[in-house]
Amino acid sequence: MKKSYKIEVDCANCAQKMEDAANKIDGVKNAVVNFMTLKMQVEFEDGADAKSVMENILEQCRKIEPDCEIYF
(Lines give C-alpha, C1' and ligand atoms only; values in the text may rest on other atoms or scores of the structure.)
Protein backbone atom coordinates (compact mmCIF):
# COMPACT_ATOMS: atom_id res chain seq x y z
CA MET A 1 0.00 0.00 0.00
CA LYS A 2 1.36 3.41 -0.98
CA LYS A 3 0.09 6.72 0.45
CA SER A 4 1.01 10.37 0.04
CA TYR A 5 1.09 12.83 2.95
CA LYS A 6 1.48 16.61 3.20
CA ILE A 7 4.58 17.46 5.23
CA GLU A 8 5.92 20.72 6.63
CA VAL A 9 9.70 20.85 6.49
CA ASP A 10 11.93 23.93 6.40
CA CYS A 11 14.96 22.84 4.38
CA ALA A 12 15.98 20.31 1.73
CA ASN A 13 18.76 18.90 3.92
CA CYS A 14 16.29 18.14 6.71
CA ALA A 15 13.90 16.58 4.19
CA GLN A 16 16.65 14.18 3.11
CA LYS A 17 17.44 13.28 6.72
CA MET A 18 13.72 12.65 7.35
CA GLU A 19 13.52 10.41 4.30
CA ASP A 20 16.52 8.41 5.53
CA ALA A 21 14.99 8.08 9.02
CA ALA A 22 11.60 7.02 7.65
CA ASN A 23 13.18 4.28 5.54
CA LYS A 24 14.68 2.71 8.70
CA ILE A 25 11.31 2.30 10.45
CA ASP A 26 9.68 -1.12 10.70
CA GLY A 27 6.68 -1.36 8.39
CA VAL A 28 8.11 1.00 5.76
CA LYS A 29 9.00 -0.56 2.43
CA ASN A 30 10.04 2.76 0.87
CA ALA A 31 9.67 6.44 1.78
CA VAL A 32 10.41 9.49 -0.36
CA VAL A 33 10.26 13.13 0.77
CA ASN A 34 9.91 15.77 -1.94
CA PHE A 35 10.95 19.13 -0.49
CA MET A 36 9.69 21.09 -3.51
CA THR A 37 6.11 19.80 -3.25
CA LEU A 38 6.19 19.26 0.55
CA LYS A 39 4.96 15.70 0.12
CA MET A 40 6.04 12.41 1.67
CA GLN A 41 5.19 9.22 -0.18
CA VAL A 42 5.29 6.09 1.94
CA GLU A 43 4.98 2.53 0.70
CA PHE A 44 4.07 0.26 3.59
CA GLU A 45 5.04 -3.38 4.02
CA ASP A 46 2.21 -5.91 3.79
CA GLY A 47 0.20 -6.06 7.01
CA ALA A 48 1.68 -2.86 8.48
CA ASP A 49 -0.64 -0.52 10.40
CA ALA A 50 -0.26 2.74 8.46
CA LYS A 51 -1.38 4.98 11.35
CA SER A 52 1.09 3.57 13.89
CA VAL A 53 3.91 3.55 11.32
CA MET A 54 3.19 7.22 10.51
CA GLU A 55 3.23 8.10 14.22
CA ASN A 56 6.70 6.52 14.43
CA ILE A 57 7.83 8.41 11.33
CA LEU A 58 6.57 11.71 12.77
CA GLU A 59 8.38 11.02 16.05
CA GLN A 60 11.67 10.40 14.20
CA CYS A 61 11.19 13.44 11.95
CA ARG A 62 10.65 15.69 14.97
CA LYS A 63 14.05 14.60 16.30
CA ILE A 64 15.51 16.13 13.11
CA GLU A 65 13.26 19.19 12.94
CA PRO A 66 11.17 19.78 16.10
CA ASP A 67 8.45 21.83 14.37
CA CYS A 68 7.93 19.30 11.56
CA GLU A 69 4.35 18.24 10.86
CA ILE A 70 2.98 15.38 8.79
CA TYR A 71 -0.73 15.40 8.06
CA PHE A 72 -2.16 11.90 8.19
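1. Some thoughts on the side chain of Glu19
Part 1 of the argument: Here Glu19 shows up in helix α1 (residues 12-23).
Part 2 of the argument: No salt bridge is formed by the buried Glu19; the nearest opposite charge belongs to Lys24, separated by 12 Å.
Part 3 of the argument: Within polar-contact distance, the side chain of Glu19 engages the backbone nitrogen of Val33 at 2.9 Å.
Part 4 of the argument: Residues in contact with Glu19, not counting those within four places in the same chain, are Ala31, Val32 and Val33.

2. Digging into the sheet that holds strand β1 (residues 2-8)
Hydrogen bonds along the backbone pair up the strands of a sheet, which may run parallel or antiparallel.
Part 1 of the argument: Ordered by their spatial adjacency, 4 strands build an open sheet running β2-β3-β1-β4, and the pairing between neighbours is antiparallel. The sheet is open, and its two edges are formed by β2 (28-34) and β4 (69-71), each paired on a single side. Strand after strand, the sheet turns through a mean of 25 degrees between neighbouring axes, direction not considered.
Part 2 of the argument: Both β2 and strand β3 (residues 39-44) contribute to a ladder of 6 bridges, which runs antiparallel.

Definitions and limits used
Residues numbered from 1 in each chain as written. Predicted model: local features only at pLDDT ≥ 70, side-chain atom pairs only at ≥ 80, totals over all residues. Heavy atoms only, no water. Helix = DSSP H or I, 4+ residues; strand = E, 2+ residues; numbered from the N terminus. Buried < 20%, exposed > 50% of the residue type's maximum accessible area, 1.4 Å probe, protein only. Lys, Arg positive; Asp, Glu negative; His and termini not counted. Salt bridge = Lys/Arg side-chain N within 4 Å of Asp/Glu carboxyl O. Polar contact = N/O pair within 3.5 Å; in protein donor to acceptor, adjacent residues only side chain to side chain. Contact = heavy atoms within 4.5 Å. Pairing = 2+ DSSP bridges. Axes fitted to C-alpha atoms, helices over the stretch in contact; angles between N-to-C directions.

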